Amino acid sequence: MGKAVRKAIFPVGGLGTRFLPATKAMPKEMLPVVDKPLIQYAVEEARAAGIEQFIFVTGRGKTAIEDHFDYSADLHHALISRDKHDLWKLLEPTMMPAGQVAYTRQPEPLGLGHAVWCARDLIRDEPFAVLLADDLILSAEPCLKQMVELHGKVGGNMVAVMDVPREHTSRYGIVDPNPGAASERRLVEVKGLVEKPHPAKAPSTLAVIGRYILQPEVFFNLDRQERGAGGEIQLTDALADLIGLMPFHGVRFEGRRFDCGDKVGFLEANIAFALERADMGSQVREILKSYCG
Ligand code: G1P
C-alpha cells in the first residue's frame, strides 16, 4: 500500500548547547557512543531500512559531518600502506556512494518543522523518513526497518512512539491514540498530536520518538511557516493538520531508546552499547560492578 521509502532527512543543524563545552567546536551529532558518532548510527539504521538518498540539513560549524561521510584518500593511503586493512574496513559504512548524499543548510534554527521543510526540493513528491540522531535505539531489528515494513501495509504518516512518565510529556510530541484496535500489533491509530503539552493537559503518555515516515503533503502545511510551541515551526503541528486526510499511525517499536540529547541518557547509551559489544562487554561489566558493588 505505501510507496517505497527511498529518501531520509537527518536534521543536524542544532547548536548542541546542552553538551557545551564538548560541542563548542564539534557538532553534537559527532559525539561517539563507544566508538561511533551518533549520526553514523542513524545513517546505518536508515541504510538497513532500504534508504538510498541521505539528506542532511546542516548549519554553521557542521562540516565535520560532511567529512565523516566522505572518502578520505589520505587515510586510505596511510592505513593500506601500513597493512591496516581491518581499520580501513571499519570505515566502509562511512563512505557514501557518489550521488546518494546531499547537504542543505538551515540558515536559522527555526524548529524541526523548518529543518525538514528546508529539504523539500530534495524530497519532491515521495514519502520520506526523518531520523533524529539524538534518539538512539538499541534493537535486534533497526527501528526504521520495523517502521518501513509496517508502512508498506498501512501507508500514510507514521511516527515511532513509546510510553514516557507523565511528568515528561512537556519534552515530547504526544499522541492522542484511538483506543480501537489498529490493524497490526505494535500499531496505534493517531487521532490527535500535540507538541510538548503540560503533563496535566497531555492527551496520553505516548510520546513521539525521533523516527518518522512522512508523506510529501506535509510540506504544504510547513509552507505556511506557522509558529507553534516555543515559538518554533513544529513538525508535530504540520502532521496534526493532516489527521483525517490520510492514515496516521504510531509504532510501538521493539527496542530500547536512549535520549542522547541529555547527558545522563548519553552516558547510559554508552554503557548499554559497550555491554553489548563482544570485544569489551564482559570487561565493562566487571568495571561497573567495581563501582556499584
Ligand atoms: C522533537 C520533536 C518532538 C519529539 C522529539 C523526539 O523535539 O519536536 O515532537 O517528541 O523530537 O526526540 P526536540 O527533542 O527536538 O525538542
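Right, let's walk through the structure included here.

Criteria and thresholds
- Residues numbered from 1 in each chain as written.
- Predicted model: local features only at pLDDT ≥ 70, side-chain atom pairs only at ≥ 80, totals over all residues.
- Heavy atoms only, no water.
- Helix = DSSP H or I, 4+ residues; strand = E, 2+ residues; numbered from the N terminus.
- Polar contact = N/O pair within 3.5 Å; in protein donor to acceptor, adjacent residues only side chain to side chain.
- Contact = heavy atoms within 4.5 Å.
- Core = buried A, V, L, I, M, F, W, Y, C linked by side-chain atoms within 4.5 Å.
- Buried < 20%, exposed > 50% of the residue type's maximum accessible area, 1.4 Å probe, protein only.
- Phe/Tyr/Trp six-rings, centres within 6.5 Å; stacked < 30°, edge-to-face > 60°.
- Lys NZ or Arg CZ within 6 Å of the ring centre and 35° of its normal.
- Near = heavy atom within 4 Å.
- Areas by Shrake-Rupley, 256 points an atom, 1.4 Å probe, with all protein chains shown as cover.
- Nonpolar A, V, L, I, M, F, W, Y, C, P; charged D, E, K, R; others polar.
- Expected span 1.5 Å × (residues − 1).
- Arc of directions from axis to C-beta.

### Considerations on the side chain of Asn-221
Phase 1: Its location among the elements puts Asn-221 in helix α8 (residues 218-222).
Phase 2: A polar side-chain atom of Asn-221 sits 2.9 Å from the main-chain carbonyl oxygen of Ala-238.
Phase 3: In contact with Asn-221, not counting residues within four places along its chain, are Ala-238, Asp-241 and Leu-242.

### Quick look at the nonpolar core
Note that soluble globular proteins tend to have their nonpolar side chains buried in a common cluster.
Phase 1: Residues Phe-10, Val-33, Ile-39, Phe-56 and Leu-144 are the most contacted members of the largest nonpolar core, which totals 49 residues.
Phase 2: No other element matches the 6 residues that helix α1 (residues 38-48) contributes to this core.
Phase 3: Excluding anything up to four places from it in sequence, Phe-10 contacts Ile-39, Ala-42, Val-43, Ala-46, Phe-54, Ile-55, Phe-56, Val-57 and Leu-131.
Phase 4: Ile-55, Val-161, Phe-219 and Leu-242 belong to the second largest nonpolar core, which has 33 residues in total.

### Quick notes on the packing of aromatic side chains
Phase 1: Per the counting criterion, the structure on display carries 9 aromatic pairs.
Phase 2: Measuring from ring centre to ring centre gives 6.2 Å for Phe-10 and Phe-54, while their planes differ by 15°; the resulting arrangement is stacked. Here Phe-54 lies in strand β4 (residues 53-58) and Phe-10 lies in strand β1 (residues 7-11), a separation of 44 residues in the sequence. The residues Phe-10 and Phe-54 share a single accessibility class, namely buried.
Phase 3: Relative to Tyr-103, the ring of Phe-56 lies with its centre 5.0 Å away and its plane at 20°, an arrangement referred to as stacked. You can see Phe-56 sitting in strand β4 and its partner Tyr-103 sitting in strand β5 (residues 101-105), a full 47 residues away along the chain.
Phase 4: Cluster of aromatic residues (ring-pair linked, three or more members): Phe-10, Phe-54, Phe-56, Phe-69 and Tyr-103.
Phase 5: Its end group placed over the ring of Tyr-41, Lys-36 keeps NZ or CZ at 4.7 Å from the ring centre.

### Side note on the site of the ligand
Phase 1: Looking at the ligand, the residues that line it are Leu-112, Leu-132, Asp-135, Tyr-172, Gly-173, Glu-195, Lys-196, Val-208, Gly-210, Tyr-212, Gln-234 and Thr-236.
Phase 2: Residue Lys-196 places a side-chain N or O atom 2.7 Å away from an oxygen atom belonging to the ligand.
Phase 3: Within the side chain of Thr-236, an N or O atom sits 3.3 Å from an oxygen atom of the ligand.
Phase 4: In isolation the ligand has 380 Å² of accessible area, and contact with the protein removes 75% of it.
Phase 5: Ranked by the residues each element gives to the shell around the ligand, the list is headed by strand β11 (residues 206-214), at 3 residues.
Phase 6: Across the shell around the ligand, the residue classes tally to 5 nonpolar, 4 polar and 3 charged.

### Some details on helix α7 (residues 143-154)
Phase 1: Between its terminal C-alpha atoms α7 stretches 17 Å, which fits the 16 Å expected from 12 residues at 1.5 Å a residue.
Phase 2: Among the residues making up α7, those that are buried are Cys-143, Leu-144, Gln-146, Met-147, Leu-150, His-151 and Val-154. Angular distribution of buried residues about the axis of α7 spans 150°; they occupy a single face of the element.
Phase 3: Positive backbone phi, at 65°, marks Gly-155, one or two positions downstream of α7.

All quantities given are derived from atomic positions and should not be read as evidence of function.
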